[in-house]
Amino acid sequence: AKETASMVIVDDNFATIVQAVRRGRIIVHNLQHILLYILSTSLGGILTIALSVLIGLPVPLLPGQLLWVNLVTDGTSTFPLAFENEHGNVMNNKPRKNGSSLLESFMIERIIVAGITMMIGTIGVFLYSMYVLHNSLIESRTLAFCTLALFQIWNVQNSRSANRSLFFRLKTHKEILEPIGITTNPMLLGIMILALVLQIIAVSVPLLNTLLKTHPLQIEEWFLCLGISLSIIIIAEFHKFIRRNH
């Protein structure tokens, strides 16, 4: 019987099945969060390079800088998403159809919206630095590099839930979705701080300046990168609001 069964209960408490289903649903949700994050951040980098090539701009980021973003930002931030706590009561959700995709339609929308936001923000900072501030190419690339990295650091907070807001209660036709809050995943918050520190080091330490071809930024330039990159949270929150009845 055990060899042919799809599920085996090792004790005589049928509540074990309920807990197993709950844990399975949380795992599926966290897999969705990881996919949402990885695909949206990757799309942002791809679109940034692709558009700059199409319109004949110098590439805003060099290969080493993209590798740094992928390893330091994406690599560190993905791990804590696997340990995101349950949001609401997952047992109220409908069962998933067998063989259904992990990526739902509104998640694909968010991936596209996030990717386009990162592309516009990164190239916009690059062009502003080159043609308005008249900075050198290496300074402009450093600004674009930091903007894209900060976009991805903030985007990990957006990816903690596909439909719940970070700050606001969202009313749907079925239920009230409570906000998840920024500080409810301490591990993720710590990793974000670490990623920020590493990004500052990447443009401040002479050895890394040489390796990554970056230039130290002034405080006002950091604020420029910060202000542009935080738009990813505003746009993701707006998308969750308009799609709250999904």
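Residues numbered from 1 in each chain as written. Predicted model: local features only at pLDDT ≥ 70, side-chain atom pairs only at ≥ 80, totals over all residues. Heavy atoms only, no water.

S.K.: Outline the overall build of the chain, listing residues and values.
M.R.: The number of helices and strands found in the chain is eight helices and two strands. In the chain, the order of α-helices and β-strands from amino to carboxyl end is α-α-α-α-β-β-α-α-α-α. The principal-axis extent of the C-alpha atoms belonging to the chain is close to 70 × 40 × 35 Å. Put simply, of all contacts in the chain between residues at least 6 apart along the chain, 77% involve residues at least 24 apart. One finds the centroid of the 18 positive side-chain charges in the chain at a distance of 7 Å from the centroid of its 14 negative side-chain charges. (Helix = DSSP H or I, 4+ residues; strand = E, 2+ residues; numbered from the N terminus. Contact = heavy atoms within 4.5 Å. Lys, Arg positive; Asp, Glu negative; His and termini not counted. Charge placed at Lys NZ, Arg CZ, Asp CG, Glu CD.)

S.K.: Account for the nonpolar core, with residues named and values stated.
M.R.: What tends to happen in soluble globular proteins is that the nonpolar side chains get buried as a cluster. Ranked by size, the top nonpolar core spans 37 residues in total, and within it Trp 68, Phe 145, Trp 154 and Ile 232 carry the most contacts. When residues of this core are traced back to their parent elements, those giving at least two are α1 (15-54), α2 (63-81), α3 (105-131), α4 (137-158), α5 (186-204), α6 (206-212), α7 (219-229) and α8 (231-242). Ranked by residue count, the leading element in this core is α4, at 11 residues. Listed in part, the five residues of the second largest apolar core include Leu 36, Phe 106, Met 107 and Ile 111. (Core = buried A, V, L, I, M, F, W, Y, C linked by side-chain atoms within 4.5 Å. Buried < 20%, exposed > 50% of the residue type's maximum accessible area, 1.4 Å probe, protein only.)

S.K.: Before we move on, can you summarise the packing of α2 against α4 with the specific residues and values?
M.R.: For the pair α2 and α4, interaxial distance at closest approach is 10 Å and the crossing angle is 10 degrees. When the axis of α2 is compared with that of α4, the two are roughly parallel. Between α2 and α4, the residues in contact are Gln 65, Leu 66, Trp 68, Val 69, Thr 73, Asp 74, Ser 77 and Leu 81 and Arg 141, Phe 145, Leu 148, Ala 149, Gln 152, Ile 153 and Val 156, respectively. Across the contact of α2 with α4, the residue classes tally to nine nonpolar, four polar and two charged. (Axes fitted to C-alpha atoms, helices over the stretch in contact; angles between N-to-C directions. Parallel < 35°, antiparallel > 145°, perpendicular 65-115°, else oblique. Nonpolar A, V, L, I, M, F, W, Y, C, P; charged D, E, K, R; others polar.)

S.K.: Explain a nonpolar patch on the surface residue by residue, including any values.
M.R.: A cluster of nonpolar side chains, namely Ile 193, Val 197, Ile 201, Val 205, Leu 207 and Leu 211, defines an oily patch on the protein surface of about 520 Å² accessible area. When contributions to the nonpolar patch are tallied by element, the ones reaching two or more residues are α5 and α6. No other element matches α5, which puts three residues into the nonpolar patch. Topologically, Val 197 is positioned in helix α5. (Patch = residues over 30% accessible without salt bridge, like charges linked within 9 Å, V, L, I, M, F, W, Y side chains within 5 Å. Areas by Shrake-Rupley, 256 points an atom, 1.4 Å probe, with all protein chains shown as cover. Salt bridge = Lys/Arg side-chain N within 4 Å of Asp/Glu carboxyl O.)

S.K.: Would you mind going over the pattern of salt bridges in detail, with residue names and values included?
M.R.: Evaluated as defined, the whole model comprises one salt bridge. Salt-bridge contacts for Arg 160 lead to Glu 84; the nearest nitrogen and oxygen are separated by 2.9 Å. You can see Arg 160 sitting in the loop between α4 and β1 (170-171) and its partner Glu 84 sitting in the loop between α2 and α3, a full 76 residues away along the chain. Exposure remark for Arg 160: the relative accessible area of 0% places this residue in the buried category.

S.K.: Which residues make up α2, and what values go with them?
M.R.: Under the 1.5 Å per step criterion, the end-to-end length of α2 is 26 Å for 19 residues, consistent within 8% with the ideal 27 Å. Remark: the principal bend of α2, roughly 30 degrees, maps to Asp 74. Looking only at α2, the buried set comprises Gln 65, Trp 68, Val 69, Val 72, Thr 73, Asp 74, Ser 77, Thr 78, Pro 80 and Leu 81. Buried residues belonging to α2 abut α1, α4, α5 and α6. (Expected span 1.5 Å × (residues − 1). Bend = angle between axes of the 7 residues up to and from the residue.)

S.K.: If you had to explain the side chain of Gln 199 to someone new, which residues and values would you point to?
M.R.: The topology assignment puts Gln 199 in helix α5. With residues up to four places along the chain from it excluded, the contact list for Gln 199 reads Trp 68, Phe 145, Cys 146, Ala 149 and Trp 222.

S.K.: Account for the side chain of Ser 165, with residues named and values stated.
M.R.: With respect to the helices and strands, Ser 165 occurs in the loop between α4 and β1. At a separation of 2.4 Å, a polar atom in the side chain of Ser 165 contacts the side chain of Glu 237. The residues touching Ser 165, leaving out its near neighbours within four places in the chain, are Leu 170, Pro 179, Ile 180, Glu 237 and Lys 240. (Polar contact = N/O pair within 3.5 Å; in protein donor to acceptor, adjacent residues only side chain to side chain.)

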